[in-house]
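Geometric and topological summary
Here's the letter readout for the chains.
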Amino acid sequence: MVLWLLILLPALAGGILLLSGRRANAAAAPLAVAVAVALLGLAVAATVLRPAVEVPALEGIPAGLAVDGLAALAVMTVSAIFLAVVVFSSADIGRQEARARFFGLMLLFVAAMLITVTSTGTLTLLGSWEVMGAVSYALIGYWWPDAGRVKSATLAFITTRTADLGMYLAAGAALAGGAAGLRLDALAGMPSGWRDVALAGLALAALGKSAQLPFSFWLSHAMAGPSPVSALLHSATMVAAGGYLLLRIEPGMAATGWLGAAVAWIGALTALLLGAVAFAQRDLKQLLAASTCSQIGFIVLAAGAGSVVGGGAQFVAHAAVKSLLFLVAGAWLSYLGTKDLLELRGVARGGTHGSVGGYRTAGITFTLGVLALGGLPPLSIWTAKDAVLAGVLRQSPALYVVGLAAAAVSAAYAAKALAVVWAKPQPAPGKRRRALPTAVLLPMPVLAAAAVLLGLFGVPSIGKWWQEFLGLPNIGGPAPWELAVSGLVALAVTVWIYCQQTRRLAGEGTLLGVPAAGGTGLSGDWLGLEHAATVLISRPTMALAVSLARFDDRMLARSVDAAAVLVLKAATLTDLRLERRLSGAVGGLTSVVRKLARSARRPQTGLIYQYYAQALIVMTVLAVLFVVMR
Amino acid sequence: MYSEVTVFSEVTVFPELPVLSFIVFLPVVVGAALLLVPEARRRLVGWIWIATAAVDLGLVVALWIDYAAGGGRSGGSAGVQAGAGTGAIGYETKFAWMPTLGSGYHMGVDGLSLPLVALTALLFLVCAIYSVRQEHRPRAHAALFLFLQTVSLGLFVSLDLILFFIFFDLSIVGMYFIIAVWGHGSAVRSALQFFLYTFIGSLALLLGFIVLYLASDPHTFDIVELIRQDPLKNDPVLGGLALLAISIGLAVKTPTVPFHTWLPPAHTDAPAPGSVILAGVLLKMGTFGFVRIAMPILPGPWRSYAMGFVIVGLVSVLYGALVAMAQTNFKRMVAYTSVNHMGYIILGLGAAGLAAGSNPHAANLAVTGAVTQMLSHGLLTGALFLLAGALFERGHTYEMSAYGGLAGGAPRFAGLTAVAVFGSLGLPGLSGFIAEFQIFTGSLEAAPVPTALALLGILITAALLLRMLAQMFFGPVRQPTAEQLESGAPSAGLLSAGTPGDLRPRELLSVAPLLVLAIVVGVLPRFLLDLIEPAAHALIVLVAAAAP
């Protein structure tokens with residue numbers, strides 16, 4: 001019952017909003033907030049009750065949902081972040097916008113995410129997974145009159161769907177391998193071969209959704225949506241869903257013996273390289289987007305290295321931090337009109353140009369969020385990341401080193417952003433800031449508190465409770481020296497980059513990592529991945545399509561026409577050569593017959609004596625014949 | 001000779017109510033009567049047509065409910081145990097018709113045909129609603145559609161090859177006139193091409209039927225009897241040839257690559273309701289023929305040559321999708337996606353032939369998915385073609401580059417198109433996913449490489465359909481310019497602002513039911529699968545029992 005409500009409430013509310021269209025614009029935000037509050041309550045209930053449901057769907061393949069430890073964690077995180085984002089949106093998405101469409105889509109989106117995290121089998125997982133992708137398409141392309149945004153939405157959908165094909169493959173492999181009901185927890189026990197195909201397929205889908213290498217570029221485009229969409233998409237849903245799925249199938253990946261390591265390396269490299277990409281951005285939202293790939297990379301790394309507990313902690317901590325940062329960045333974009341880092345100089349100082357409501361709050365919460373993002377002790381991501389790295393070290397020291405380097409890069413881009421927002425403000429004469437509304441500010445302190453306090457999981461007793469809550473075997477946390485190393489690295493990098501960037505801004509007024517001559521380097525351009533995809537995949541496919549279409553029109557269709565023409569020619573030929581002769585022959589025959597008839601008419605003269613003479617001749621002939629024959 | 005008559009009369013089953021015959025022949029009777037409606041009362045024609053189609057659909061729904069509850073089983077002659085959930089043939093009508101030929105008037109429904117019967121009744125009803133304002137020769141138009149409805153329903157319930165063949169060919173005749181008389185562009189040429197191509201295809205079909213007849217002992221065209229006899233089980237060469245002839249005939253109608261070239265021009269020049277029936281019903285006659293005739297009567301050859309069907313299906317999937325991607329004309333694009341969608345069906349049926357012996361569960365899934373795909377394609381492509389008609393009425397061109405930003409002036413039009421598009425690209429929550437998921441999942445083990453390659457089809461269709469959405473519905477507003485218009489039609493000012501350009505009630509009422517049903521099947525598929533699965537089982541048991 002709880003589980004059904006958890007799924008159906010947002011799905012139905014969203015459906016109703018979308019169907020009502022503009023009429024429901026006024027009611028949309030209050031309805032969405034009410035549903036979000038209810039969802040949070042239901043999530044708590046689900047965490048306590050741990051419900052499971054299963055209904056028949058396809059032959060031998062039921063649709064099953066269940067809340068276990070990992071799912072409870074995700075359900076709680078998703079509901080909490082959703083509430084924060086919806087409250088923010090109620091002010092951020094203006095009254096002149098199509099609010100019914102926006103909130104309807106958001107509700108559908110969260111319903112799809114909730115089904116994704118509670119799915120027990122491949123069918124429901126794939127279903128909700130793809131619906132989530134489609135709804136994200138609609139949300140990214142929310143401002144559809146702008147063709148560029150729609151293009152971004154299409155790119156995001158197509159890229160993630162490319163990876164989703166792995167999940168279709170996984171479903172078939174699960175059936176072939178005999179996984180009962182295509183259940184996810186039955187995959188590990190299948191015979192190798194199909195087991196490896198199934199898990200690799202799922203992992204591929206997860207890597208695409210969570211924008212890991214080489215799929216990362218779609219996330220850059222996902223920024224085209226409204227800020228609350230980014231806040232939700234990057235923190236607790238969609239991108240995070242990929243990491244979550246990998247955590248869920250960790251036992252299976254471990255069983256294959258090779259997939260875990262492959263996935264771990266992809267995660268570690270993404271964490272490192274996309275961290276560098278984040279550092280090279282001049283746009284705050286792009287910086288945050290790249291940092292999402294990088295931070296989710298740690299979840300992927302955790303799943304690959306069998307450190308599910310750490311991955312779960314990173315899932316929660318990153319959700320809180322990233323939603324906070326996107327909300328603040330979104331508020332700045334909506335109310336200051338910019339996301340360019342150079343224009344955002346000193347924005348956290350708030351009151352320098354006369355105190356205008358809320359900017360101080362936004363600035364302080366942003367600072368807390370960025371410090372957490374940089375992995376500074378004792379904040380949430382520091383402990384989470386160390387829990388991940390502790391598991392990684394046991395697997396492979398090389399991976400641990402890459403992970404640690406990635407953590408240092410995280411500290412670098414975080415420090416860069418921090419230095420910018422606390423720099424000496426750009427004088428902006430005559431430009432009055434608008435006050436931030438309460439609904440925009442309300443979620444920020446709550447999320448900031450979460451970003452800080454989730455660090456408590458680093459405390460051993462709480463960490464132990466955490467593992468029991470997840471229902472996972474105790475694999476032990478990080479050793480004290482590991483915590484010290486990562487903390488010191490983060491601290492040192494932060495201080496160093498902060499000072500560097502502050503000096504740069506005071507002097508040349510430029511950003512670190514961004515080429516001074518303008519343009520973007522390879523990192524600024526997201527490693528050129530999109531270009532590669534265009535050159536290697538899109539263009540050849542389109543060229544193939546065009547040449548096939550030409551073949552279809554000019555060769556295949558023409559050959560049918562040609563066959564018809566051939567038949568027509570054959571007919572003409574038959575007519576000329578055969579039919580004419582035949583009819584000529586028939587005509588000849590008739591003329592011969594006619595001549596015969598004419599000559600047969602000649603004896604009929606009507607004169608009796610001639611008839612007598614004829615009769616006499618005939619009789620004579622007959623008499624002669626009679627005599628001869630005898 | 002007389003004794004054969006008595007044989008037939010012995011097995012003749014006269015049910016208390018010949019409900020199936022009534023459903024089949026009601027439309028044509030009303031259609032004939034419609035021709036007598038006086039010119040002054042021509043407005044009545046549309047309403048009588050709608051009422052007839054609605055009554056017919058109501059009867060089919062009642063039949064479905066009754067059949068699902070275990071009714072209508074006459075048992076016995078089908079050679080299958082009667083009772084609910086066995087996939088047995090129900091509502092059988094059988095009496096001697098041409099006894100010297102071994103051909104009878106034999107009709108019945110099962111889980112393979114009933115979904116298509118229901119789809120046919122529904123699609124003809126929405127065509128009636130869509131055409132309520134038909135101005136050009138409304139009586140002949142309605143009568144021809146009602147005739148075509150009888151023909152289509154008759155084909156799906158036929159249990160006799162001659163009966164099947166007659167309906168098969170009559171459908172071509174009816175559609176020829178619809179395209180030629182009510183079409184646009186080079187309609188007469190397209191109609192003729194359609195007629196000749198599919199008619200020649202049907203001759204191959206007839207050849208195959210005659211081979212089956214001659215091989216059977218006693219000679220018969222009765223499908224149930226032929227299934228029981230499995231006449232060519234000891235003659236693999238002749239069996240293969242019979243399968244080849246029948247498959248070519250059905251492949252032309254389906255159509256699969258390379259027999260598809262008649263489809264795009266026929267669709268492009270057909271009127272919207274004609275396209276709906278062509279795509280939604282007539283193409284299904286081809287795919288239905290595979291599950292009704294080719295697979296059960298020639299199970300051994302089917303298993304032997306299953307890989308061939310898998311490959312034909314795969315080629316259709318990829319070729320159809322890629323060629324669709326290169327189209328600039330909306331209707332041609334949808335027509336090529338039909339080739340792609342039909343490809344999944346052939347792929348699934350082929351894979352079922354491969355898997356029947358080793359993994360019946362997978363084979364059942366593939367067959368169930370294939371039948372679901374027939375229904376799903378009818379709903380979604382039907383909706384897309386009606387929307388294409390609405391587009392043409394306003395902009396007088398199908399060129400996609402002529403339009404832009406339609407979502408602003410026509411939000412309902414855009415919304416319904418988006419739903420149909422996402423359904424067509426196989427988004428979960430819509431019927432296409434239920435179909436394609438089962439086909440892929442059921443086929444992978446038996447044909448791993450072709451199935452994996454066929455997955456690319458759903459990616460390509462997603463790309464091309466979303467590109468179309470972006471071009472026509474989003475971005476800045478674009479309107480057809482004078483030189484883009486196909487005919488000298490009045491300039492289309494209806495699309496720009498306000499609601500007049502949006503869907504009118506008759507358009508909304510004809511498109512929305514199809515999409516609602518697609519969503520119902522996508523979310524709650526059990527009501528449909530409960531019907532199809534037992535019949536798919538029965539089919540797979542037949543196929544599995546034969547030696548390949």
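Predicted, not measured: the structure shown is a model, and the values here were computed from it.

**Focus on the overall build of chain A**
When its secondary structure is counted, chain A shows 23 helices and two strands. For chain A, the C-alpha radius of gyration of 39 Å lies well beyond 25 Å, the compact-globule estimate for 630 residues. The principal-axis extent of the C-alpha atoms belonging to chain A is close to 150 × 60 × 50 Å. A burial count over chain A gives 56% of its 630 residues as buried. For chain A, the share of sequence-separated contacts (at least 6 apart) that also reach a separation of at least 24 residues comes to 81%.

**Structural notes on the overall build of chain B**
In terms of regular secondary structure, chain B is built from 21 helices and two strands. In terms of overall size, chain B behaves like a compact globule, its C-alpha atoms giving a radius of gyration of 22 Å where 548 residues would be expected to give roughly 24 Å. The C-alpha extent of chain B, read off along each of the three principal axes, is 70 × 60 × 40 Å. In chain B, which comprises 548 residues, the share counted as buried stands at 64%. Here the analysis covers contacts within chain B between residues at least 6 apart in sequence; of these, 80% occur between residues at least 24 apart.

**Observations concerning the pairing of strand E1 (residues 90-98) of chain B**
Residue and element names in this part refer to chain B. Pairing between E1 and strand E2 (residues 103-109): six bridges, direction antiparallel. The partner of Lys94 across the bridge, within E2, is His106. Once E1 ends, the chain turns through four residues before running back antiparallel as E2, passing Gly102 with a positive phi of about 70°.

**Let's talk about unusual backbone geometry**
Omega for the bond connecting B:Asp217 with B:Pro218 falls within 30 degrees of zero, at 0°, which places this linkage in the cis form. Here B:Pro218 shows up in the loop between helix H7 (187-215) and helix H8 (223-229). With phi around 50°, A:Met238 is a residue other than glycine that occupies positive phi space. One can find A:Met238 in the loop between helix H9 (227-235) and helix H10 (239-248). Phi at A:Leu527 is positive, roughly 65°, even though this residue is not glycine. Turning to its location among the elements, A:Leu527 is positioned in the loop between helix H21 (480-506) and helix H22 (529-601). In this structure A:Leu527 comes out as buried when scored by C-beta crowding, with 21 C-beta atoms within 10 Å.

**Thoughts on the interface of chain B and chain A**
Taken together, the 46 residues of chain B in the interface contact 41 residues of chain A. Going through the elements one at a time, H7, helix H13 (306-325), helix H15 (360-395), helix H16 (406-409), helix H17 (411-424), helix H18 (431-443), helix H19 (448-473) and helix H21 (526-545) of chain B are the ones with two or more residues in the side of chain B that touches chain A. When residues in the side of chain B that touches chain A are grouped by element, the largest group, nine residues, is from H19(B).

**Regarding the packing of helix H14 (residues 330-355) of chain B against H15(B)**
Residue and element names in this part refer to chain B. The contact between H14 and H15 brings their axes to 8 Å, and the two run at 170°. Considered as vectors, H14 and H15 are oriented roughly antiparallel to each other. Considering only residue class, the contact of H14 with H15 consists of 18 nonpolar, seven polar and one charged.

**Regarding the environment of B:Leu391**
Residue and element names in this part refer to chain B. Mapped onto the elements of the fold, Leu391 is located in helix H15. Judged by local crowding, Leu391 falls into the buried class, with 26 C-beta atoms found within 10 Å. Taking the C-alpha atoms as reference points, Leu391 and Gln193, separated by 198 residues in sequence, lie 25 Å from one another.

**Some points on the environment of B:Ala324**
Residue and element names in this part refer to chain B. Within the secondary structure layout, Ala324 lies in helix H13. Overall, Ala324 belongs to the buried group, with 26 C-beta atoms counted inside 10 Å. For the pair Ala324 and Thr461, spaced 137 residues apart in sequence, the C-alpha separation works out to 8.0 Å. Other than its neighbours up to four places away in sequence, Ala324 contacts Met333, Tyr336, Thr337, Asn340 and Leu464.

**Focus on helix H7 (residues 194-209) of chain A**
Residues and elements named next belong to chain A. Taking 1.5 Å per residue as the helical rise, H7 with its 16 residues ought to reach 22 Å, and the 23 Å between its terminal C-alpha atoms agrees with that figure. Taking burial as the measure, the 16 residues of H7 include 16 buried ones, the bulk of the element. Positive backbone phi, approximately 55°, marks Ala211, located one or two places after H7.

**A look at the environment of A:Phe626**
By the secondary structure assignment, A:Phe626 is in helix H23 (residues 608-629). For the pair A:Phe626 and A:Phe215, spaced 411 residues apart in sequence, the C-alpha separation works out to 113 Å.

**So, the confidence of the model for chain B**
All names here are of chain B. Taken as a whole, chain B shows an average pLDDT of 89; of its residues, 91% reach a score of 70 or greater. Across residues 75-84, where pLDDT falls below 50, the model places 23 contacts with residues more than four positions away in sequence or in other chains. In this model, residues 488-499 is a region of pLDDT below 50 whose contacts with residues beyond four sequence positions or in other chains number 23 contacts. Under the prediction, the complex receives an ipTM of 0.91, its pTM being 0.91.

**A word on the packing of helix H5 (residues 122-140) of chain A against helix H6 (residues 147-176) of chain A**
All names here are of chain A. It is at 9 Å that the axes of H5 and H6 come closest, and there the two elements cross at 175°. As the angle between them shows, H5 and H6 are arranged roughly antiparallel. Across the contact of H5 with H6, the residue classes break down as 14 nonpolar, five polar and four charged.

Here is what the cut-offs are and how they apply
- Residues numbered from 1 in each chain as written.
- Chains lettered and ligands numbered in written order.
- Predicted model: local features only at pLDDT ≥ 70, side-chain atom pairs only at ≥ 80, totals over all residues.
- Helix = DSSP H or I, 4+ residues; strand = E, 2+ residues; numbered from the N terminus.
- Rg over C-alpha atoms; globule rule 2.2 N^0.38 Å.
- Buried ≥ 20, exposed ≤ 12 C-beta atoms within 10 Å, placed from the backbone.
- Contact = placed C-beta atoms within 7 Å.
- Pairing = 2+ DSSP bridges.
- Axes fitted to C-alpha atoms, helices over the stretch in contact; angles between N-to-C directions.
- Parallel < 35°, antiparallel > 145°, perpendicular 65-115°, else oblique.
- Nonpolar A, V, L, I, M, F, W, Y, C, P; charged D, E, K, R; others polar.
- Expected span 1.5 Å × (residues − 1).
- pLDDT = per-residue confidence, 0-100.

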